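Fold and contact review
Here are the chains, one letter per residue:
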Amino acid sequence: MNAPIAIIGTGIAGLSAAQALHAAGQDIELFDKSRGSGGRMASKRSDAGSLDLGAQYFTARDRRFVEVVQQWQTRGWAAEWQPSLYNAQDGQLSASPDEQVRWVGSPRMSAITRAMLGALPVRFNCRITEVFRGDRYWSLLDADGNSHGPFSHVIVATPAPQASALLAAAPKLAGAAASVVMEPTWAVALGFDSALDTRVEGCFVQDSAIDWLARNRSKPGRDNHLDTWILHASSAWSRQHLDLAREAVIEQLHGAFAELIGCTVPPPSFTLAHRWLYARPAQAHQWGALADADLRLYACGDWCLSGRVEGAWLSGQDAARRLLEHLQ
Ligand SMILES: Cc1cc2nc3c(=O)[nH]c(=O)nc-3n(C[C@H](O)[C@H](O)[C@H](O)COP(=O)(O)OP(=O)(O)OC[C@H]3O[C@@H](n4cnc5c(N)ncnc54)[C@H](O)[C@@H]3O)c2cc1C
C-alpha cells in the first residue's frame, strides 16, 4: 500500500512542505483547525474589507526564499509595500525611511497561502488532537472523534505549544517543541470614515502599549473603503492583558494610538480585536525542522528557525527535504 503523507497545519510552513513534497511526486493530505489556510499569515474579511491582522509584511534574505518571492511577485500573489515609515519614542514621531524591501500578499496577505494551497487535498475545520501509530502506519484523531489515515509519514506544522502534544510519540521532538516559549499579541483594527490627517503608513513604537501600527489600505491592492489601521500591542502588554475583554483592549489601544499618531483621531466607525495566543517564538532557533526519520514523524514551523514568515517557509522546505532524503 502507498499511503499518503499527512500535514497538520496550512500556514506557510505546512504549505511550503506540501508544495515541495507534491513537486517530488508524493501524495499528501493537509488538515487545519481553521476555516481557511494561512494561519498567522491569514487575513480577516470584515465590513471594512480584508485586514492583515497577523504578519504585516515579510522580508527575504535567504537566496531560496528570495527566488520564491520573485515567483510569487511574477504571478501577482505578492507585491512590494513601500510604506512611509516612522518611529515613535517618548511621544515623539520621526520619519524613519530605510532600504529594507518589504513584501506583502496581494491583494491581501492570505493570497499567498491560498495560491500555494491551490488544489491540494485539505480538510478545514478539523482540529487534530492525537497522532497515533499502528504497526506501520500513522492515523490522526480529530476533535470530533473521527480518525483519518492511514498515513506513511506525518508532518506537524503548527505553533510549538500545539505541536508538542501532537508529537507525543517522539518524546525528543515533543520535548524540543515544549521548550519553545511563544509570546502573545493583541491585534486591533480601527476604521475611520475619513482619512486621518497623517503621512504615517507604518510605525515602530517604543515605550507604549503598542509596538507596531500600520495603515492597512496603504498596502498594494487593498479593498478597504475606510481608512483602516492595524495596531499590535507589545508582547509584554499582551501578556499582562491576556484575558481583558475585547472592548477594553480596543479602548486602551485606541487611546494609545490617539496619543502617538500626532493628529486628531475621531471615534472609529469600525473596530475589531483579535488575540494571537502564540504570535511569535520568544527566541530564534537553528533547528531547520525536527525529524524522527525512523518513526517517520516531522515538525516544522517558524519556531524551528527565525520566528518569521521566511523562517517558516524555510522550515517547511527543510522538513520536506529530510523526509524525501529518507525515502531514497
Ligand atoms: C501579530 C503578528 C505579527 C507578525 N508580524 C510578522 C511580520 O511582520 N513579519 C514576519 O515575517 N512575520 C511576522 N509574524 C510571524 C509570522 O506570521 C509567522 O512566523 C508565520 O506566519 C508562521 O507560519 P507557520 O506555518 O509556522 O505557523 P502558522 O501560520 O501558525 O500555521 C499553523 C497552522 O496550524 C493550524 N493548527 C494549529 N493547531 C492545529 C491542530 N491541532 N489541528 C489542525 N490544525 C492546527 C493553525 O490553524 C494554523 O493554520 C507575525 C505574527 C503575528 C501573530
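Let me sum up the structure you'll find in this document. (Residues numbered from 1 in each chain as written. Predicted model: local features only at pLDDT ≥ 70, side-chain atom pairs only at ≥ 80, totals over all residues. Heavy atoms only, no water.)

A look at the sheet that holds strand β17 (residues 227-233)
Inclusion rule: In this analysis, strands are considered paired if DSSP registers two or more bridges between them. By the criteria applied, helices consist of DSSP H or I runs no shorter than four residues and strands consist of E runs no shorter than two, each listed in order from the N terminus. To obtain each axis, a line is fitted to C-alpha atoms, and for helices this fit is confined to the stretch in contact; angles are then taken between N-to-C directions over 0 to 180 degrees. We call two residues in contact whenever any of their non-hydrogen atoms come within 4.5 Å of each other.
Taken together, the seven strands give an open sheet; going across it, the order is β7-β6-β15-β16-β17-β14-β18, and neighbouring strands pair in mixed fashion. On the outer flanks of this sheet lie β7 (92-95) and β18 (270-281), each paired with one strand and no other. Within this sheet the neighbouring strands show an average axis-to-axis angle of 20 degrees, counted without direction. Relative to β7, strand β6 (residues 85-89) runs antiparallel, the two sharing four bridges. Note on β7: the bridge partner recorded for Asn-87 is Ser-94. Packing of helix α7 (residues 246-261) onto the sheet brings it into contact with β6, β7, β14 (182-192), β15 (202-205), β16 (210-215), β17 and β18, and relative to β14 it is tilted by some 70 degrees.

Let's talk about the sheet that holds strand β13 (residues 153-156)
As summarised here, the arrangement of the six strands in space is β9-β2-β1-β13-β20-β19, forming an open sheet in which the pairing is mixed. Looking at strand neighbours, the two that pair on one side only are β9 (122-123) and β19 (290-292), the edges of this open sheet.

Some thoughts on the site of the ligand
What counts here: Residue proximity to a molecule or strand is established when one non-hydrogen atom of the residue lies within 4 Å of it. By the criterion applied in these results, polar contacts are pairs of N or O atoms within 3.5 Å in which, for protein atoms, one can donate a hydrogen and the other can accept it, and in which residues neighboring in sequence qualify only through two side-chain atoms. Methods summary: accessible areas were calculated by the Shrake-Rupley approach with a probe of 1.4 Å, and residue burial reflects only the protein chains presented. Only Asp, Glu, Lys and Arg are considered charged, only Ala, Val, Leu, Ile, Met, Phe, Trp, Tyr, Cys and Pro nonpolar, and every remaining residue, Gly among them, polar.
Taken together, 37 residues are adjacent to the ligand, and Ala-13, Asp-32, Arg-40, Tyr-57 and Asp-302 come closest. At 2.9 Å from an oxygen atom of the ligand is found a main-chain nitrogen or oxygen belonging to Ala-13. In this structure, Asp-32 approaches the ligand through a side-chain N or O atom, which is 2.6 Å from an oxygen atom. Across the complex, the protein chains shield 96% of the 1000 Å² of accessible surface that the ligand would expose by itself. Of all the secondary-structure elements, those providing two or more residues to the shell around the ligand are α1 (12-23), β18 and α8 (309-327). A total of three residues in the shell around the ligand trace back to one element, the largest contributor, which is β18. Of the residues that constitute the shell around the ligand, the class distribution is 16 nonpolar, 14 polar and seven charged.

Thoughts on the packing of aromatic side chains
Cut-off, in case you're wondering: Aromatic pairing here means that ring centres of Phe, Tyr or Trp (its six-membered ring) are within 6.5 Å. Orientation follows from the plane angle: under 30 degrees is stacked, over 60 is edge-to-face, and everything else is tilted. Classification of residues uses two cut-offs on accessible area relative to the type maximum, computed with a 1.4 Å probe and protein chains only: under 20% is buried, over 50% is exposed, and between them is partly exposed.
In the structure shown here, the tally under the stated rule is 12 aromatic pairs. Centre to centre, the rings of Tyr-57 and Trp-81 are 6.1 Å apart; their planes meet at 45 degrees, and the pair counts as tilted. With Tyr-57 in the loop between β4 (49-51) and α2 (63-75) and Trp-81 in the loop between β5 (78-80) and β6, this residue pair connects regions lying 24 residues apart in the sequence. The exposure class of Tyr-57 is partly exposed, given its relative accessible area of 21%.

A look at the packing of α2 against α8
Here is the rule we go by: Orientation labels follow simple angle bins: below 35 degrees gives roughly parallel, above 145 gives roughly antiparallel, 65 to 115 gives roughly perpendicular, and whatever is left gives oblique.
At a closest axis distance of 10 Å, the pairing of α2 and α8 adopts a crossing angle of 105 degrees. Between α2 and α8, the angle falls in the class roughly perpendicular. For the pair formed by α2 and α8, the contact residues are Arg-64, Phe-65, Val-68 and Trp-72 on the first element and Val-309, Glu-310, Trp-313 and Leu-314 on the second. Here the contact of α2 with α8 is composed, by residue class, of six nonpolar, no polar and two charged.

With respect to unusual backbone geometry
The general pattern is negative phi for most residues beyond glycine and trans for most peptide bonds. With an omega dihedral of 5 degrees, the bond running from Ser-106 to Pro-107 counts as a cis peptide bond. In this structure, Pro-150 follows Gly-149 across a cis peptide bond, with omega equal to 5 degrees. The residue Pro-150 is located in strand β12 (residues 147-151) in this model. At Asn-125, a residue that is not glycine, the phi angle is positive and equals roughly 50 degrees. Tracing the chain through its elements places Asn-125 in the loop between β9 and β10 (128-133). Note on Asn-125: relative accessible area 53%, which makes it exposed. Not every positive phi belongs to a glycine, and Asp-207 is a case in point at roughly 55 degrees. Exposure remark for Asp-207: the relative accessible area of 61% places this residue in the exposed category.

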